[in-house]
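Analysis of the macromolecular model
Spelled out, the chains give:
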Amino acid sequence: MTTAQRIRSVHDAARARLAEAGVWDVEGDLAALRERFLTEDAPAAVARFEAAVAERCRRIPLGHIVGSVEFDGLELVVGSGVFVPRHESTALVAWAARDTTLPHGGVVLDLCSGVGALGLALARRRPDARVTCVERDDTCLQYLRRNAARNEAVLGPVTVHAADLTTAGCLDAYADGADLVVANPPYVSPDVRLLPEWSEHQPRAAVYSGADGLDLIRRIVVLAAAALRPGGRLALEHDRAQPGQVRELLHGDAFDDVTTFVDTAGEPRITVARRTDQEGTL
Ligand SMILES: C[S@@+](CC[C@H](N)C(=O)[O-])C[C@H]1O[C@@H](n2cnc3c(N)ncnc32)[C@H](O)[C@@H]1O
């Protein structure tokens, strides 16, 4: 058997195993695993590739196996214990980058920033903005700081703020001072059935939030009302089944101009609202 035939046979066997395991993008995952692990025709490389395929067949997220993910033009390092940013969230970044109400040098808060996807992508697209990423989990914070440092050359100023959003006073430093708040928080309700990549292999605190999934979104609406200046915007990612509930939460005195739009998969998963000039009664 020639080298090319040997590699093809390893490759074909991997394709069949991934398909049988229910992986949804067999060709895309195969290409990523091959590029990362099957770098030469040596038994050690083949063994590493086959071990990686076996992990993917156990539905461990691709990002956790290859160690990085591309997000809106940035390469972000990820690993076990952190949420892998999803391409669908780039729709929120694209909206925020076009937000004409964000002034030059404006203050942006990325709440629940994880490894930094939204905040860092926005800091690349709007290098004039002053972005603060807020996250409570120590593992995420380590990845977030690495990602900010790795991409420093293409980012505007980024600050990392370690804070639990459920604690009192966590954003007091920003009262009435933020121009834009973005968040992709945990929002899944426990009765929603998820693929194993999310239900088993991503941190529960990154996915679920209370009985209806909306506990942290409720909290973020209150925090954003206090942090935003009048006219500032809040942009939230949520489940495709939640636009009505999220819009309801925003229908107090603190926000108006509430709009829901679709993510890159065409699902209604991003809701944006404007901070009114009035004191909030949420
Ligand atoms: C769905 S992940 C999203 C991460 C990132 N925004 C993204 O789009 O990839 C939600 C993040 O919220 C963080 N989180 C959960 N509860 C939090 C809290 N009370 N305070 C701060 N961060 C929290 C989790 O650690 C996790 O990193």
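Structure: above.
From a predicted model like this one, the values you see are computed outputs, not experimental measurements.

Around the ligand sit 20 residues, and of these C112, E135, D164, N184 and A206 come closest. The contact in question runs from a nitrogen atom of the ligand to an N or O atom on the side chain of R136, over 3.4 Å. Between N184 and the ligand, the recorded distance is 2.8 Å, taken from a side-chain N or O atom to an oxygen atom. Alone, the ligand offers 590 Å² of accessible surface; in the complex the protein occludes 97% of this. Within the shell around the ligand, the residues separate by chemical class into 12 nonpolar, four polar and four charged.

Glancing now at the pairing of strand β9 (residues 268-275). Buried residues dominate β9, accounting for six of its eight residues. Bridge count for strand β7 (residues 228-237) against β9 is five bridges, and the pairing is antiparallel. The residue bridging A235 from the neighbouring strand is V272, located in β9. Examined bridge by bridge, strand β8 (residues 255-262) and β9 share six bridges and lie antiparallel to one another. Paired with F255 across the two strands is R275, which belongs to β9. Following β8, the chain reverses through five residues before pairing antiparallel with β9; G266 in that reversal takes a positive phi of roughly 80°.

Counted by the stated rule, this structure contains two aromatic pairs. An angle of 25° between the planes, with centres 6.0 Å apart, marks the rings of W24 and W198 as stacked. On the criterion of sequence distance, the pair formed by W24 in the loop between α1 (3-21) and α2 (26-37) and W198 in helix α8 (residues 196-199) is long-range, its members being 174 residues apart. We note R56 situated over the ring of W24; from NZ or CZ to the ring centre the distance is 5.4 Å.

Looking now at the nonpolar core. In terms of nonpolar packing, the biggest core is built from 38 residues, with F71, L76, W95, V108, L122, L180 and V182 touching the most fellow members. Elements with a minimum of two residues in this core: β1 (68-71), β2 (74-77), α5 (90-98), α6 (117-125), β4 (130-135), α7 (138-150), β6 (178-183) and β9. When neighbours within four sequence positions are excluded, L180 is seen to be in contact with W95, A96, D99, L102, V107, V108, L109, L122, L228 and R233. One finds V107, C170, V188 and A227 within the second-largest nonpolar core, a separate group that totals 35 residues.

The rules behind each value
- Residues numbered from 1 in each chain as written.
- Predicted model: local features only at pLDDT ≥ 70, side-chain atom pairs only at ≥ 80, totals over all residues.
- Heavy atoms only, no water.
- Near = heavy atom within 4 Å.
- Polar contact = N/O pair within 3.5 Å; in protein donor to acceptor, adjacent residues only side chain to side chain.
- Areas by Shrake-Rupley, 256 points an atom, 1.4 Å probe, with all protein chains shown as cover.
- Nonpolar A, V, L, I, M, F, W, Y, C, P; charged D, E, K, R; others polar.
- Buried < 20%, exposed > 50% of the residue type's maximum accessible area, 1.4 Å probe, protein only.
- Helix = DSSP H or I, 4+ residues; strand = E, 2+ residues; numbered from the N terminus.
- Pairing = 2+ DSSP bridges.
- Phe/Tyr/Trp six-rings, centres within 6.5 Å; stacked < 30°, edge-to-face > 60°.
- Lys NZ or Arg CZ within 6 Å of the ring centre and 35° of its normal.
- Core = buried A, V, L, I, M, F, W, Y, C linked by side-chain atoms within 4.5 Å.
- Contact = heavy atoms within 4.5 Å.

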